[in-house]
Amino acid sequence: MIEKVIFYVFAAILLLAATLVITARNPVHSALSLVLAFFTSSALWLLAEAEFLGIALVLVYVGAVMVLFLFVVMMLDINVSVLREGFARYLPLGALVGVVMVLQMLLVLGSAEVDLASLTATAADAGAAETNNIRMLGNVLYTVYVYPFELAAIVLLLAIIAAIMLTHRRRGGTKHQDISAQVRTRKEDRLRMVRMPTDRNNDS
Amino acid sequence: MTFEMPQFALAAPEIWLGIMVCVVLIADLFDRGGEGRIAFLLTQLTLLVTVWLAFSTHWGGAAQITFNGMYVSDNLAAVLKAASAGLAAITIGYSRDYLRQRELLRGEFYLLVLIATLGMSVMASASSLLVLYMGLELLSLSLYALVAFNRESRVGSEAAMKYFVLGALSSGMLLYGMSMIYGSAGSLLLGDIMAAAAAGENRLLMAFGMTFALVGVAFKFGAAPFHMWIPDVYQGAPTAVTAFLGSAPKVAALALFLRLLAEGLGDLHDQWQIMAIILAVGSLAIGNLFALVQTNIKRMLGYSTVSHIGFLFLGLIAGSNEGYAAALFYAISYGIMAAGAFGMIILLSRRGFEAEMIDDMRGLNDRHSGFALVMLLLMFSMTGIPGTVGFYAKWMVLQSLVEAGLVWLAVLAVIFAVIGAFYYLRVLKAVYFDRDEAPAPLEAPLGPRVVIAANGGLVLLLGLFPDALIELCRAAFGL
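Residue positions within a chain follow its written sequence, with the count starting from 1. Note on labels: chains are lettered from A, ligands numbered from 1, in written order. This being a predicted model, a pLDDT of at least 70 is required before a residue's local features are given, and a value of 80 or more before pairs of side-chain atoms are given or counted; all residues contribute to the totals for chains, interfaces and linings. Only hydrogens and water are set aside; all other atoms, that is, all heavy atoms of the structure, feed into the side-chain values.

Chemist: What is the right way to look at the overall build of chain A in this model?
Modeler: For helices the rule is a DSSP run of H or I covering at least 4 residues; for strands it is a run of E covering at least 2, with both sets numbered from the N terminus onward. Along the backbone of chain A there are 11 helices and 0 strands. Listed N to C, the secondary structure of chain A is α-α-α-α-α-α-α-α-α-α-α in terms of helices and strands. Type-normalised accessible area, obtained with a 1.4 Å probe on protein chains alone, sets the label of each residue: buried when under 20%, exposed when over 50%, and partly exposed for intermediate values. Expressed as a percentage of the 204 residues in chain A, the buried residues total 19%. We call two residues in contact whenever any of their non-hydrogen atoms come within 4.5 Å of each other. Taking contacts inside chain A between residues at least 6 apart in sequence as the whole, the part at least 24 apart equals 57%.

Chemist: It is not clear to me how the overall build of chain B should be interpreted in this structure. Could you clarify?
Modeler: What chain B contains, in helices and strands, is 20 helices and 2 strands. C-alpha atoms define the radius of gyration in this analysis, and the globule rule sets the expected value at 2.2 Å times the number of residues to the power 0.38. Here chain B has a C-alpha radius of gyration of 21 Å; the compact-globule value for 479 residues is 23 Å, and the two agree. Taken over the C-alpha atoms alone, chain B extends approximately 70 × 60 × 40 Å along its principal axes. For chain B, long-range pairs separated by at least 24 residues make up 79% of all intrachain contacts whose partners lie at least 6 apart in sequence.

Chemist: What's the story with a nonpolar patch on the surface in this structure? I'm lost.
Modeler: Residue and element names in this part refer to chain A. A contiguous nonpolar patch, built from Met 1, Ile 2, Val 5, Ile 6, Val 9, Ile 13 and Leu 36 and spanning about 640 Å² of accessible area, is present on the exposed surface. Top contributing element to the nonpolar patch by residue count: helix H1 (residues 2-23), with 5 residues. On the secondary structure map, Ile 6 appears in helix H1. Distance thresholds for patches are 9 Å for like charges and 5 Å for nonpolar side chains (Val, Leu, Ile, Met, Phe, Trp, Tyr), applied to residues having over 30% relative accessible area and no salt bridge. Under the convention used here, a 1.4 Å probe and the Shrake-Rupley method define accessible areas, while residue burial counts only the protein chains that appear. Salt bridges are counted wherever a side-chain nitrogen of Lys or Arg sits within 4 Å of a carboxyl oxygen of Asp or Glu.

Chemist: Would you mind going over the interface of chain B and chain A with me for this structure?
Modeler: Contact residues are listed per partner, giving 37 residues for chain B and 28 residues for chain A. Here the quantity called buried area is the total loss of accessible area, with a 1.4 Å probe, experienced by two parts when brought into contact, counted for both. Between chain B and chain A, the buried area comes to about 3,000 Å², and carbon and sulfur atoms account for 84% of it. The largest share of the area that chain B buries against chain A comes from Met134(B), Arg151(B) and Leu204(B), three residues that together contribute 19% of it. Inspection of the chain B/chain A interface yields 0 salt bridges. Within 3.5 Å is the distance limit for a polar contact, defined as a pair of N or O atoms, with the added protein rule that one can donate a hydrogen and the other accept it, and that residues adjacent in sequence qualify only through two side-chain atoms. One can count 3 residue pairs in polar contact (both at pLDDT 80 or more) joining chain B with chain A.

Chemist: Please explain the domain arrangement of chain A as it appears in this structure.
Modeler: As a measure of interface size, the accessible area lost when the parts come together is often cited. For chain A, the domain assignment lists domain 1 (1-79) and domain 2 (132-165). One C-alpha centre belongs to domain 1 of chain A, the other to domain 2 of chain A, and the line joining them spans 23 Å. As used throughout, domain bounds are those supplied by an automatic or database domain assignment.

Chemist: For this particular structure, what's the right way to read the pattern of salt bridges?
Modeler: When the charged atoms of two side chains lie near each other, side chains of opposite charge can form a pair. All names here are of chain B. Applying the stated rule across the entire model yields 11 salt bridges over all chains. With a closest N to O distance of 3.1 Å, Asp 232 and Arg 299 form a salt bridge. Of this pair, Asp 232 sits in helix H10 (residues 229-236) while Arg 299 sits in helix H13 (residues 297-317), and the two are 67 residues apart along the sequence. A salt bridge links Arg 435 to Asp 366, with the shortest nitrogen-to-oxygen separation between them at 3.2 Å. Of the two residues, Arg 435 is situated in the loop between helix H18 (407-432) and helix H19 (446-464) and Asp 366 in helix H15 (residues 364-367); the sequence distance between them amounts to 69 residues. Overall, the relative accessible area of 49% leaves Arg 435 in the partly exposed class.

Chemist: What is the right way to read the packing of helix H16 (residues 369-383) of chain B against helix H17 (residues 389-403) of chain B from this model?
Modeler: The relative placement of two packed helices is expressed as an angle between their axes plus a distance between the axes. All names here are of chain B. Closest axis-to-axis distance for the H16/H17 pair is 6 Å, and the angle between their directions is 10°. The angle between H16 and H17 places the two elements in the roughly parallel class. Together, Ser 381, Met 382 and Thr 383 of H16 and Val 389, Gly 390, Phe 391 and Lys 394 of H17 make up the contact between the two elements. Grouping the constituent residues of the contact of H16 with H17 by class yields 3 nonpolar, 3 polar and 1 charged. A fitted line through C-alpha atoms serves as each axis, taken over the contacting stretch for helices, and the angle formed by two N-to-C directions is quoted from 0 to 180°. Just so you know how the angles are binned, under 35 degrees is roughly parallel, over 145 roughly antiparallel, 65 to 115 roughly perpendicular, and the rest oblique. Residues are grouped as follows: nonpolar covers Ala, Val, Leu, Ile, Met, Phe, Trp, Tyr, Cys and Pro; charged covers Asp, Glu, Lys and Arg; every other residue, Gly included, is treated as polar.

Chemist: Hey, could you run me through the environment of Ala31(A) in this one?
Modeler: Inspection of the secondary structure puts Ala31(A) in helix H2 (residues 27-47). Spatially, the C-alpha atoms of Ala31(A) and Asp178(A) are 40 Å apart, while their sequence positions differ by 147 residues.

Chemist: Explanation requested: the side chain of His227(B) in the structure shown.
Modeler: If you trace the backbone, His227(B) turns up in the loop between helix H9 (203-221) and H10. Leave out the neighbours within four places in its chain, and His227(B) touches Gly222(B), Ile286(B), Tyr303(B) and Val306(B).

Chemist: Can you help me understand the environment of Trp395(B) in this one?
Modeler: Along the polypeptide, Trp395(B) turns up in helix H17. With 69 residues separating them in the primary sequence, Trp395(B) and Ala326(B) have C-alpha atoms 8.7 Å apart.

Chemist: Which parts of the structure should I look at to understand the packing of aromatic side chains?
Modeler: Geometrically, a pair of aromatic rings is defined through the distance of the ring centres and the angle of the planes. Any two rings among Phe, Tyr and Trp, with Trp reduced to its six-membered ring, count as a pair given centres within 6.5 Å; such a pair is stacked if its planes are under 30 degrees apart, edge-to-face if over 60, and tilted if neither. Within this structure, the stated rule accounts for 28 aromatic pairs over all chains. Taken together, a centroid distance of 4.8 Å and an interplanar angle of 70° make the contact between Tyr142(A) and Phe149(A) edge-to-face. Given the relative accessible area of 30%, Phe149(A) is considered partly exposed. Between Tyr392(B) and Trp395(B), the aromatic rings sit 6.2 Å apart at their centres with planes inclined by 85°, giving edge-to-face as the arrangement. One end of the pair is Tyr392(B) and the other is Trp395(B), both in helix H17 and 3 residues apart, which spans about a single turn. Among the residues examined, Tyr392(B) registers a relative accessible area of 22% and is labelled partly exposed. Among the aromatic residues, those joined into a cluster by ring pairs are Tyr147(A), Phe8(B), Phe67(B) and Tyr71(B). Counting as a charge over the ring demands two things of the Lys NZ or Arg CZ atom: a distance within 6 Å of the ring centre and an angle within 35 degrees of the ring normal. The aromatic ring of Tyr98(B) is capped on one face by Arg102(B), whose charged end is 3.9 Å from the ring centroid.

Chemist: What am I meant to see in the nonpolar core here?
Modeler: Soluble globular proteins tend to pack their nonpolar side chains together in the buried interior. Only buried Ala, Val, Leu, Ile, Met, Phe, Trp, Tyr and Cys residues count toward a nonpolar core, and they belong to the same one when joined by side-chain atoms within 4.5 Å. Grouped together as the largest cluster of nonpolar side chains are 197 residues, with contacts concentrated most on Phe109(B), Phe313(B), Leu314(B) and Leu328(B). In terms of residues, this core owes the most to one element, helix H14 (residues 321-348) of chain B, which gives 21 residues. Those residues within four positions of Leu328(B) in sequence are excluded, and the remaining contacts are Leu76(B), Val79(B), Leu80(B), Leu254(B), Cys473(B), Ala476(B) and Phe477(B). Of all hydrophobic cores here, the second largest spans 7 residues; its members include Val35(A), Phe38(A), Leu57(A) and Leu70(A).

If you want it as structure tokens, here you go:
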């Protein structure tokens, strides 16, 4: 009973936070709502006894990714009003399509043929034998799932290559130091002796 | 879950591609002055070896499944991998001079093509929803980066942004569908899903997931009404990228359909058939009618892609192995035609000039009759005129439709093919009958000229002697 109450409270907060991410006017508020959404979903995972995933979500996303994200959002001067042009214009149509889709999905999932309770039962059986979340993950990650795991590594490599390719560029006109040229420089390169006529010579 | 040592030798094409990605990445670092020459040559070598490896590892014998059920090695995988690697090799054969003239020539271009090919290979022998998705992401992410390759171009960036947002949306749809399928079957492995579908467990929930998965697949194909990104992306991307984007990934999208919907959810065929019919008819109508009014040839070819995808879906509708073989043949032959058509645009462009309007094709016959002949072959093939490979592709699809008793669809397809003939022949009118007042000399260097001649020759050769390729496609489905 208490689990259900906790679930519904966190689920409600999660939905609220997710809505705020896309509706908040200030991008910083959006990013902070996203942090809240991550946090509540990690709590939901803890509730489902997936402790490792819950903690990893907080450590990786809230701890590292979102902090970077917040920095980027704060650095950029985003003009939100331009981004929101047309939002109100397309809202009625978008809302209509959304409502129809949700209704259709509810009709399918709510029908008697779909027995959602049986699905949760099978999922619970799978995890019953071994309760230690980290041990289960460790057993399968590099063995059963080694192929997708290696593919994920290549996806990350691809992300690095693509990001560097798209952002790194040689800019002309930037001034940068060439230390070795500075060290190797000689007196003749920098110093020019100029013989100036003096007043005394002019007089005589 | 018990663990068996995987048979690594069965994954030789992927392992080879993965190693060569790293080799090209390092080799390109030591080739600063060479304008990516080493990367280019290594990539071509890698792709050709992949074609050979695909056949030597997968071809012949019964299907073998390894990596704990996630990797399948069968004839279909061999054909799909060889086709995607071969098409990639043809399309990047055109790219070097185009990229050099626009100061885009960097080793990363070839690296991204290589990673995209790896993604296509992964999809071709995926036997698990997770692996299928990983392969798709490898392909899509490299394509997004390739479309944005020219950072200075505003249309290029806009196209990349559109492609990225719609691609992410479609991936989301696909993932949502996959999660529902996983929920109803209780397994990510396509074999288990097939068994669950046959047993009729949670059939409604599985059909619910299948609907979303089909939408995701249709997005990746560019079938109407999910075709919105195609014209803009084709037009905005650098033509060398469009050539790649328009050919090999269509084979990969077919791989996604065949593995996920034909194999895994084959038992739900009666459920997805009607949706596939809507997609096919919509694509034929929208593709052909919108292509009629285009003046930009890249856009026109974009809409023509949509119509060809419609034809390809007609082959899938029947749900029989004959139909799938016809669709496979169609995808491969369309890939060859599209590679040639975009290759032609690349060759006619020169420094500071993009030959992307149909008017730019004016008087091509006077400038170079060989190029005009290749263009004639390509356009005839896209129309489906006998003597070219496009005829047999359409013929096989129509045959499978008639066998499945869907004569009305076959009639509709032929009507739209006739409408489509108009805009292909309009290009040929410009090539042969219009005059260019100030014809510019053709600057294309020898290498791409050889490739385009081979490409045009392939269209003609496969049109005259299609038996070998047809047999290959039929053998892929055990016919």
